[in-house]
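The residues making up each chain are set out below.
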Amino acid sequence: MSPDHGEFLRQALIFPNARSGRGATFDLAQGNSHCPRDNSLERITCRVAAMPFLTHGSYRIRYELDGPATAPAYVLVNGLTQYSELWSAYRDALIARGFRVATFDLLGQGASDKPTLFINQDDHVLALHRLIEMLGEGSVFLSGISFGGLIALRYAIEHGRRLSGLVPMSCFAELSPQLLLIGNALRTGLILGGTGYLQDLLLPMNLSDEWLKPLLDKLDGFKRQGWLVNDLYALQNLMESFLDFQPLTPQLASIAVPTMILNGEFDFLTPRALHDTLRVEIPNSALVIIPGAYHAFTLEKGALTADLLARFADDVLAGRWQGNKAVWIAPEDPSGELTPFPAGYDHLRAIPVQRTPA
């Protein structure tokens, strides 16, 4: 379900050559069923060339839609420096589990247009709304990571009736003092040091030693892909959409759809307390802690995460989901059983401390 590290980096190095820019001819038909189904260069090139575009005002937004038109859909929203190809293993896994899958590049990312000024979070929510409108009247599950999780939360607040389920990952509804200061430092690093320096900061913050160690001598190639697909000024614009950010916490109670909140055990960029705000405020929610995971667990634990997404949607569609604002520990491997967080212990602590009786 998840490509190995070598294949992931191989694809990262190939994609820049496949992106032919605004002058390319794009097949506007939905899906890429005519492309080879293996992991060959021909498949990668074909998938990129076949991707259609949405319009938002004068801007174009690249998206991809695969899977049976009558199937329940999953829409996956990128994090700040991501691009839609990073969901390719999820696309294959979820389609194999009977879902339709939509991915897209936010404005400022990947093959979408990269305006450098005057794009705010409202624009990303509107673009997401436009994409979901294309899916028709069937069931839609929405998931996003980090910045994409915030956009998914905003969509659920504004258009929640359209959704069957919501999965915010590595996410937040408000800027804690630590997150605010980290965000300011990352923005300064981008301005003074460029995209490469931002990647130097984010890689060790977002991924484990176990993931990074075998790839240390290949990281320059991985970073080169990020440098090629992320325009510095467009990325700065994305980050500066937080300059006037207002907390979403007071509006979370309006999210009525089933919600599974995913948080890495060792995520110190958006730690558990930020996710617990979502759990407490969203009525039909549960928090699932991903063991051994950091902020970017969607890259590191793709097979497990894709399995959790599919199981959540299956439970919702079958009427089995009961959030109850519970806290769960995910299994180490796909298809394993979720474990309730030990009763009486404080799930916000890193050591087993018993709760003080209320």
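Residues numbered from 1 in each chain as written. Predicted model: local features only at pLDDT ≥ 70, side-chain atom pairs only at ≥ 80, totals over all residues. Heavy atoms only, no water.

1. Looking at the nonpolar core
So, step 1. Judged by nonpolar contacts, the single largest core of 57 residues is most densely connected at Val75, Leu128, Leu142, Leu153 and Ile255.
So, step 2. Here the element with the most residues in this core is helix H5 (residues 147–159); it accounts for eight residues.
So, step 3. Not counting the four nearest positions on each side in its chain, Ile255 is found in contact with Leu153, Ala156, Ile157, Leu166, Ile282 and Pro283.
So, step 4. Counting residues in hydrophobic clusters, the runner-up holds 29 residues, among them Ala93, Val101, Ala293 and Phe297. (Core = buried A, V, L, I, M, F, W, Y, C linked by side-chain atoms within 4.5 Å. Buried < 20%, exposed > 50% of the residue type's maximum accessible area, 1.4 Å probe, protein only. Helix = DSSP H or I, 4+ residues; strand = E, 2+ residues; numbered from the N terminus. Contact = heavy atoms within 4.5 Å.)

2. Here we look at the packing of helix H4 (residues 121–133) against H5
So, step 1. Across the interface, H4 lies against H5 with an axial gap of 9 Å and an inter-helix angle of 70 degrees. As summarised for this structure, H4 and H5 are arranged roughly perpendicular, according to the angle between their axes. In terms of crossing hand, the pair formed by H4 and H5 is right-handed. Facing Gln121, Asp122, His124, Val125, Leu128, His129 and Ile132 of H4, the residues of H5 in contact are Phe147, Leu150, Ile151, Arg154, Tyr155, Glu158 and His159. (Axes fitted to C-alpha atoms, helices over the stretch in contact; angles between N-to-C directions. Parallel < 35°, antiparallel > 145°, perpendicular 65-115°, else oblique. Left-handed = near helix turned anticlockwise from the far one by under 90°.)

3. Thoughts on the sheet that holds strand E9 (residues 326–329)
So, step 1. Reading across from one edge, E1-E2-E4-E3-E5-E6-E7-E8-E9-E10 is the order of the ten strands in this open sheet, with mixed pairing throughout. Where the open sheet ends on each side, the last strands, each with one partner, are strand E1 (53–56) and strand E10 (339–340).
So, step 2. One ladder, built from five bridges, connects strand E3 (residues 73–77) with strand E5 (residues 140–145); its direction is parallel. Paired with Ala73 across the strands is Val140, a residue of E5.
So, step 3. Contacting E1, strand E2 (59–66), E3, strand E4 (100–104) and E5, H4 runs over the sheet at an angle of about 135 degrees to E1.
So, step 4. Across the sheet, helix H10 (residues 272–281) touches strand E6 (165–169), strand E7 (259–264), strand E8 (285–290) and E9, and the angle it forms with E8 is around 155 degrees. (Pairing = 2+ DSSP bridges.)

4. Things to note about the confidence of the model for the protein chain
So, step 1. When the pLDDT values of the protein chain are averaged, the result is 86; 86% of them are 70 or greater.
So, step 2. Considering only residues more than four positions removed or in separate chains, one finds that residues 1–33, a stretch of pLDDT under 50, has 79 contacts. (pLDDT = per-residue confidence, 0-100.)

5. Overview of the pattern of salt bridges
For side chains bearing opposite charge, pairing can occur when the charged atoms are close.
So, step 1. For the coordinates displayed, the defined rule picks out 13 salt bridges.
So, step 2. The shortest N-O distance in the salt bridge between Arg97 and Asp307 comes to 3.0 Å. Taken together, the residues span a long stretch of sequence, with Arg97 in the loop between helix H3 (88–96) and E4 and Asp307 in helix H12 (residues 302–317) at a distance of 210 residues.
So, step 3. Residue Arg97 is classed as partly exposed on the basis of its relative accessible area, which comes to 34%.
So, step 4. Take Asp307: its relative accessible area is 3%, and that puts it in the buried class.
So, step 5. In this structure, a network of salt bridges that share partners links the residues Arg62, Glu85 and Asp105. (Salt bridge = Lys/Arg side-chain N within 4 Å of Asp/Glu carboxyl O.)

6. Side note on the packing of H3 against H12
So, step 1. Where H3 meets H12, the closest approach of the two axes is 10 Å, and the angle between their N-to-C directions is 40 degrees. When the interaxial angle is binned, H3 and H12 end up oblique. Seen along the crossing, H3 lies across H12 with a hand that is right-handed. Facing H3, whose interface residues are Tyr90, Ala93 and Leu94, H12 presents Gly302, Thr305, Ala306, Leu309 and Ala310.

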